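Fold and contact review
As a plain string of letters, each chain reads:
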Amino acid sequence: MDLGDLEHQVLALWETEGTFAASMAQSQGRPAWTFYEGPPTANGAPGTHHIEARAFKDIFPRYRTMKGYHVVRQAGWDCHGLPVELAVEKELGFSGKQDIEKYGVGKFNAKCRESVMRHVDAFADLTTRMGYWVDMDSAYWTMDTNYIQSVWWSLKQIFNAGLLVQDHRVSPYCPRCGTGLSDHELAQGYEDVVDPSVYVRFPVTAETLASKYSHLSLLVWTTTPWTLVSNTAIAVKPSATYCVVSHEGQHYVVAQDLVEDLFGAPIGADGEDNITRYQIMETFSGVELERVGYQRPFDLIDIPQSHFVILADYVTTDDGTGLVHQAPAFGADDLISCRAYGLPVVNPIAPDGTFMPDTPLVGGQFFKKADTTLTDDLRTRGLLFREKPYEHSYPHCWRCHTPLIYYAQPSWYIKTTTIKDRLMTENEKTHWYPETIKWGRYGDWLTNNVDWALSRNRYWGTPLPIWRCENEHLTVVESLAELGELAGQKIDDLDPHRPFIDDITIPCPQCEYTANRVPEVIDCWYDSGAMPFASQWYPRHNFDEFLTQYPADFVCEAIDQTRGWFYTLMAIGTLVFDESSYKSVVCLGHILDEDGRKMSKHLGNVLEPISLMDQHGADAVRWFMLASGSPWQSRRVGHTAIADIVRKNLLTYWNTVSFLSLYARSAPWTPAEGAPPLEQRPIMDRWLLTQAHSLSSQVDAALEDFDTQLGGRLITEFIDDLSNWYVRRTRRRFWDGDPAALSTLHEAIHIVTLCMAPYTPFITERVWQDLFRETQPQLPPSVHLASWPEESLVDAQLQEQMALARRVTELGRSARATSSVKTRQPLGRALISARGWSGLPADLVAEVAEELNVGELLTLDVSDSALVSISIKPNFRSLGARFGKQTPLVAAHIAMQDATELVNMLRTAGTVVYEIEWVDETVTIELADLVITETPIQGWAVAADAGESFALDLEITHDLALAGMARDIVRALQEGRKNAGLQISDRVSVTWSSDNAHIAETISTHGVEIAHEVLALALSQVIGPVTGFPVLGSESEIEANFGIEKV
RNA sequence: GGGCCCAUAGCUCAGCUUGGUUAGAGCGCUUCCCUGAUAAGGAAGAGGUCGAUGGUUCAAGUCCAUCUGGGCCCA
């Protein structure tokens, strides 16, 4: 059974039949259920984790389609952005923007376009292979001219609302890529690093203080020594208490809260007396330090009018020294605080991350590298109080892993903070799966919303459609047509990318100057967040269609998209349409390797998705993603887990199907021949169908609630019921070609196949074609064109009765196992005690009797106390509800009673009343307040569980012994038939010889039965050697020889 | 420093919303059974202080608090 091979056949079938297109055509005009495909970035090879999100993005559209909706599934590709540029740079061996400029922006962008096309092919292959039905022919490409014009249109709406502005701000910046990063990009790139952290002395120059203490310094802690070059001020918290500490001949100003951290506890851990090593000389509040002058540590660049203490509320005394070094060019907080004192912003770092060449000591050095040089210099000059490595997470560029620099630069922003309240209202209305994201991770994110840094100083992206003249007049265009009109030239066919768009100038509509496009492109996250309308080329195309598709009923991606796509979708939707673009969002956990580690090329633990699917089957991988563990949680995926799914689910299902088709063919039987009406079919059949119908309604409810895990569990349980109870119990009827059995199994497989189809589209399609389509050509030509099975026929009473029968069967097996009497040996009787047992239909009791190979199953008669022992336990659930605090007293009282007497009283009178000491009221006990276990007191084999018990009479009478022997003989002969290579329907003639009287008696009394079982037309004794294929006593543990001949 | 999630059998995970006295499944292990789906199937057994501590309650794996460890996200 090669599932990979089977799937390739099914893929070929879908391809030739155009099944996906047929499904879309068939549902045309039905109510829409909308889904947006989050575009994968086409910058690398897809991984196994891509199967996860794509499995979820496939199952719900398939399910909704079966439920009668029309689900448009447009694929999309995220084409722009730094990742693509970086891949191309690497290919071309470039090391920065200068190389790109030299190479030519036009040529470079052409390479980017090429790279995108290449990687999209790899994603398309994965998509097809895993059976993700999404329309790739009509895919949206964010680099498409029409797509870009939609993006422009939306930016113009935002600009007109006054929410797209240019501002100077400190924001994270990648010196390697030469661009600022937005906050959601920042979120992608935190890495744990060890930085040098230094405690530096800043000698106080202010006379008032300096004259009181020798060698007085402000003590400052920083993890970014390179910013010390730009030190402009030192901030203290105005409300905190600071002090002067005398230590080893030096004096330091630090926050009082941190004195012990810095100089040690008064009594050290080793008992040493630190108090003698330092002394607090005086204390004062932070306010008193304001404008105290100091000597900065490096005198390398000119920073006029500065170097004194300022006050800032954001300073804490939790770590460091309580004095914070300020470099306004490199910290958002620093910039705000220093601006308040009119301090200058001096930036010695070039856009490529190196110190300006004319800077002494560190000129030309990369900022991070300068840490060592500067620390060494501080040490030499005796300004270093202490240094220690500091491990923390620091933002890095999410693509090139260069440490980011917080850097003051001009940038375009979308003022999302002004619509924060609207966003929070929209979030309220959104259904998150799992729900905690809504208030937790995502809610927090919205609460702490900052303006969206939209612009990038890069090349391969949607150009910002803003033209600016020398008078700073801004003109925003929404289309090439508008731009052409303004420019007075026909540019409808212009590639809107750089550098072509940069060449278009317009006369400023507001003055006499010429306006040029601003140089920036936009954050590619804006592209993907704009997909609800840009994919439709709205508003220039598909005006009506878009409105029916907005907002989406459902989006789904992994959890890292909370601040990525989920945010940009909601933000742009709210900005442009005043409504979030999705109603429900499923948020998946990440996929880890078998040892719980992230998959990464670096660790070499990556599972290659296509070969994984070819090895185990895409169905198995999909099932794992959808139904194994909690989708919201990170999960470990490996070969073992997937192989288990194949064996436990897919092969069991497949074997059951094979079983049915084997006997349907040999009967022969087809659905056209029909079957007896349901009420005339045996109880097993009625039960199986009621189970199947419950399954369809329960899986329906689970998928309605996006709970693929529950649906999967229900299907697994049903397959187990089907194979290991129904087929096991009903096998004989299939040998006889019983149309009721064949038809029942056929119907049950039909239903479960439909329920499984959205999970495992391949194997169910194969079964649909081979088992259903072949005999019922009137059915839809694909399982994926069929409707969800209608629920009917659910018989709860029958389900409960069967559940009881199966529990009793388990008890019976258990009793047999403890008795060491083989199941093959028939036994005479068993006694059963279980609530509801006496009400079971006789045919159900007969099933249990046959399964256990016991002649009679009798109800244990409680009144016969000589035979039965009763034990009782209080039922706390019912007692607790009534007696509360006094429950233990009542329970103890019940436990003291004579069990048999109490049960008999309750069974006759219904209730018993007690007066119990310490219990205020009269206590009335009912049967329901007890858990009763009845067991026979004779030495039978007994098994009991949860108040139900089973007692097996082990006596083997002469007749039972003969019957047992007959079964042994049948088994030996069946084994012989198989060894002789006979077909299951071959008729035979059997000869036997034996000296054993027991054997002879068995054959004379059970011969007809034996012959029937082994399809023997004759069963005759011979003297001497048997004829035909021999079954010898020496091998079969039966003191007889048999010979089998085909007739 | 903040937020969220997780911690249950050797392993992978259910159960917790709605508290009830014998905590389940699959895999693995041991023993046995069955065999006309058969390189399948079934039963039994061993294996758990439900991360720790405290609290609420007649009763806590389940509710609350604190802590520890792990993960993710943010500063």
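We now turn to the structure provided with this report. Since we're looking at a predicted model, the values are computed, not measured. (Residues numbered from 1 in each chain as written. Chains lettered and ligands numbered in written order. Predicted model: local features only at pLDDT ≥ 70, side-chain atom pairs only at ≥ 80, totals over all residues. Heavy atoms only, no water.)

1. Concerning the pairing of strand 8 (residues 241–247)
What counts is decided by this rule: A 1.4 Å probe rolled over the protein chains alone gives each residue an accessible area, and that area as a share of the maximum for its type sets the label: buried under 20%, exposed over 50%, partly exposed in between. In DSSP terms, a helix is any run of H or I states spanning at least four residues, a strand is any run of E spanning at least two, and both are numbered starting from the N terminus. If DSSP finds at least two bridges between two strands, the strands pair.
Counted residue by residue, strand 8 has six buried out of seven residues, so it is predominantly covered. The sheet contact formed by strand 8 and strand 10 (residues 278–285) spans seven bridges and is antiparallel. Within strand 10, the residue paired with histidine 247 across the bridge is tyrosine 278. Where strand 8 and strand 9 (residues 250–255) come together, six bridges link them in antiparallel fashion. Directly across from tyrosine 242, in strand 9, lies its bridge partner alanine 255. Counted between consecutive antiparallel strands, the loop separating strand 8 from strand 9 contains two residues, among which glutamate 248 sits at a positive phi close to 50 degrees.

2. Regarding the sheet that holds strand 38 (residues 1041–1046)
Heads up, the condition is: Angular values range over 0 to 180 degrees, each being the angle between N-to-C directions of two axes fitted as lines to C-alpha atoms, with helices fitted over their stretch in contact.
Strand order in the open sheet made by the four strands is 36-35-38-37, with mixed pairing throughout. Lying at the two open borders of the sheet, with one neighbouring strand each, are strand 36 (1016–1021) and strand 37 (1029–1031). If you compare each strand with its neighbour and ignore which way they point, the axes differ by 20 degrees on average. The pairing of strand 35 (residues 988–993) with strand 36 spans five bridges and is parallel. Paired with serine 989 across the strands is alanine 1018, a residue of strand 36.

3. Brief notes about unusual backbone geometry
Cis geometry is adopted by the peptide bond preceding proline 434, which originates at tyrosine 433 and carries an omega value of 0 degrees. Position of proline 434 among the secondary structure elements: in the loop between strand 15 (431–433) and helix 14 (436–439). With omega at 0 degrees, the peptide bond leading from tyrosine 538 into proline 539 counts as cis. Positionally, proline 539 belongs in the loop between helix 18 (531–534) and helix 19 (543–548). We note that histidine 215 has phi near 50 degrees; this positive angle belongs to a residue other than glycine. Positionally, histidine 215 belongs in the loop between helix 9 (207–210) and strand 6 (216–222). The backbone of tryptophan 537 shows a phi angle near 60 degrees, a positive value even though the residue is not glycine. Along the chain, the position of tryptophan 537 falls in the loop between helix 18 and helix 19.

4. What to know about the sheet that holds strand 23 (residues 552–558)
Counted only if it meets this: Contacts are assigned to residue pairs with any non-hydrogen atoms lying within 4.5 Å of each other.
Reading across from one edge, 15-24-23 is the order of the three strands in this open sheet, with parallel pairing throughout. If you trace the sheet from one side to the other, it starts and ends with strand 15 and strand 23, each paired once. Neighbour-to-neighbour, the strand axes of the sheet open up by a mean angle of 15 degrees, direction not taken into account. Of the strand pairs in this sheet, strand 23 and strand 24 (residues 582–588) are connected by six bridges, and their pairing is parallel. Pairing of phenylalanine 554 across the sheet is with serine 584, part of strand 24. Packed on one face of the sheet, helix 3 (residues 48–66) meets strand 23 and strand 24 and runs near 160 degrees to strand 23.

5. Remarks on a negative patch on the surface
This is how the line gets drawn: Exposure above 30% relative accessible area and the absence of a salt bridge qualify a residue for a patch, where like charges join within 9 Å and nonpolar side chains (Val, Leu, Ile, Met, Phe, Trp, Tyr) within 5 Å. In these tables, accessible area is a Shrake-Rupley quantity obtained with a 1.4 Å probe, and a residue counts as shielded only by the protein chains included in the view. What makes a salt bridge here is a side-chain nitrogen of Lys or Arg within 4 Å of a carboxyl oxygen of Asp or Glu, nothing more. Counting rule applied: Lys, Arg positive; Asp, Glu negative; His and chain ends not counted. Just so you know, the charge point we use is NZ for Lys, CZ for Arg, CG for Asp and CD for Glu.
A cluster of acidic residues, Asp257, Glu260, Asp261, Asp318 and Asp319, forms a negative patch on the protein surface. Relative to the assigned elements, glutamate 260 resides in helix 10 (residues 259–263).

6. Describing helix 12 (residues 370–380)
Test applied: Directions from the helix axis toward the C-beta atoms define the arc.
Turning to helix 12, its buried residues number three or more, namely Ala370, Asp371, Leu374, Thr375 and Leu378. Summarising the axial view, the buried residues of helix 12 lie within an arc of 125 degrees, below the 170-degree limit, and thus occupy one face. Set apart from the buried face of helix 12 by more than 90 degrees, the exposed residues are Thr372 and Thr380. Looking one or two places after helix 12, you find glycine 382, whose phi comes out positive at around 70 degrees.

7. Brief notes about the pairing of strand 34 (residues 948–952)
Remember that side chains alternate between the two faces of the sheet whenever the strand is regular. Of all five residues that make up strand 34, five are buried, and the element is covered over most of its length. Taking every second residue as pointing to the same face, both faces of strand 34 are buried, with Glu948, Phe950 and Leu952 on one and Ser949 and Ala951 on the other.

8. Topic: the nonpolar core
We apply this condition: As used in this record, nonpolar core signifies buried Ala, Val, Leu, Ile, Met, Phe, Trp, Tyr and Cys residues forming a set joined through side-chain atoms within 4.5 Å.
Formed by 136 residues in total, the largest nonpolar core has its most connected members in Ile715, Tyr726, Phe734, Leu745, Ile749, Leu857 and Phe950. The element that contributes the greatest number of residues to this core is helix 23 (residues 639–666), accounting for 11 residues. Beyond its immediate chain neighbours, meaning those up to four positions away, leucine 745 contacts Thr656, Phe659, Leu660, Leu688, Leu722, Tyr726, Val727 and Phe734. If you look at the next biggest cluster of nonpolar residues, it comprises 68 residues, including Leu218, Val309, Tyr341 and Val362.

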